[in-house]
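Single-letter residue listing:
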Amino acid sequence: KTAETDDGSVNPGVSLAYNITIQNTSQNGLPMTDPVLIDLLPLGTSLPDSGPNDAPVVSLVGDPDGLSLGSSTIGHFAGNTYLTIPLSGSLPAGGSVTVRVYIHVDANAPSYSSQIVNHAFVTSMKEGVRTAENPTGATFKNNEDGWPDILGAGDDGADDGRLDGLRDALGE
């Protein structure tokens, strides 16, 4: 993930563009079908009505072959906001797609942290076969060639309380 601002600084009142890249690192050549990006927005940020020059708040960067952007939905839980961003189509093995999300840094952002940390997760609306090795029925493997466990499992620096709330909100 990368973030862009007009002047390189991040202060309350500015807008940020997050570029979140999804890569299909499949070792077996299989496509990632109908990926869904779940973006847990940083504390102290909100979604603007539009990006600069009336750009959409969520968009694809470039023209990814075989993928299109579906209608994003906004969810809330315990003072947190998350976006569910569905993509339609297949991301081939070795391919990548970048999703741009505009956010606004609120006046209360410094009270949360000196850093603005965004957490994003990839899943799919397609359910695979649930097995002992793949208890969630994932349709693609993670970048370590393993079946992903529950949302946010692993040490990505995310606050466990926020991830627990997101799991509850998503029904995991």
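Here we summarise the structure given alongside this text. (Residues numbered from 1 in each chain as written. Predicted model: local features only at pLDDT ≥ 70, side-chain atom pairs only at ≥ 80, totals over all residues. Heavy atoms only, no water.)

Considering the overall build of the protein chain
To keep things clear, this is the line we draw: For the purposes of this entry, the term helix denotes a DSSP run of H or I that reaches at least four residues, the term strand denotes a run of E that reaches at least two, and both are numbered from the N terminus. For every residue, the accessible area (1.4 Å probe, protein chains only) is compared with the maximum for its type, and the residue is labelled buried under 20%, exposed over 50%, or partly exposed between those bounds. We call two residues in contact whenever any of their non-hydrogen atoms come within 4.5 Å of each other. Accessible surface is estimated by sampling points in the Shrake-Rupley manner with a 1.4 Å probe; for residues, cover comes only from the protein chains shown.
Secondary structure assignment for the protein chain yields two helices and eleven strands. Taken from the N to the C terminus, the helices and strands of the protein chain come in the order β-β-β-β-β-β-β-β-β-β-α-β-α. Sorting the 172 residues of the protein chain into buried and exposed places 36% on the buried side. Put simply, 68% of the contacts in the protein chain that link residues at least 6 apart link residues at least 24 apart. Accessible surface, the protein chain as shown: approximately 9600 Å² in total, 46% of it carbon and sulfur.

Structural notes on the environment of Phe 121
Following the sequence through the fold, Phe 121 ends up in strand β11 (residues 119-124). Linking Phe 121 and Thr 84, residues 37 residues apart in sequence, is a C-alpha distance of 9.8 Å.

Considering the packing of aromatic side chains
Quick reminder of the rule: Any two rings among Phe, Tyr and Trp, with Trp reduced to its six-membered ring, count as a pair given centres within 6.5 Å; such a pair is stacked if its planes are under 30 degrees apart, edge-to-face if over 60, and tilted if neither.
Evaluation of the coordinates by the stated rule reveals one aromatic pair. With a centroid separation of 6.1 Å and 45° between ring planes, the pair formed by Phe 77 and Tyr 82 is classed as tilted. The pair Phe 77 / Tyr 82 is uniform in exposure class, with both members buried.

Observations regarding the environment of Val 99
With respect to the secondary-structure elements, Val 99 resides in strand β10 (residues 96-105). For the pair Val 99 and Ile 22, spaced 77 residues apart in sequence, the C-alpha separation works out to 8.0 Å. Once residues lying within four places of it in the same chain are set aside, the contact partners of Val 99 are Tyr 18, Asn 19, Ile 20, Leu 37, Val 58, Ser 59, Leu 60 and Ile 85.

Section: unusual backbone geometry
The phi angle at Asn 53 is positive, at roughly 55°, despite the residue not being glycine. With respect to the element layout, Asn 53 can be found in the loop between β5 (45-46) and β6 (58-61). A residue is classified by how much of its surface remains accessible, and Asn 53, at 81% relative accessible area, is exposed. Despite not being glycine, Ala 78 has its phi angle at roughly 40°, a positive value.

So, the environment of His 76
On the secondary structure map, His 76 appears in strand β8 (residues 73-77). Residues contacting His 76, with those up to four places away along its chain left out, are Thr 81 and Tyr 82.

Remarks on the nonpolar core
Across soluble globular proteins, nonpolar side chains show a tendency to be buried alongside one another. We count it as follows: Buried Ala, Val, Leu, Ile, Met, Phe, Trp, Tyr and Cys residues that are joined via side-chain atoms within 4.5 Å together make up what is termed a nonpolar core.
Among the nonpolar cores identified, the biggest contains 21 residues, and Ile 22, Val 58, Ile 85, Val 97, Val 99 and Val 101 are the most heavily contacted of them. A per-element tally of this core places β10 first, with five residues. In contact with Val 97, other than residues within four places in its own chain, are Ile 20, Thr 21, Ile 22, Leu 60, Pro 64, Leu 67, Leu 87 and Leu 91. Grouped together as the second largest cluster of nonpolar side chains are eight residues, Val 36, Phe 77, Phe 121 and Leu 163 included.

Quick look at the side chain of Asn 19
The following threshold applies: Here a polar contact means two N or O atoms within 3.5 Å. Within protein one must be a hydrogen donor candidate and the other an acceptor candidate, and residues neighboring in sequence count only if both atoms are side-chain atoms.
Take Asn 19: it is sitting in strand β2 (residues 15-23). Separated by 2.8 Å, the side chains of Asn 19 and Arg 100 make a polar contact.

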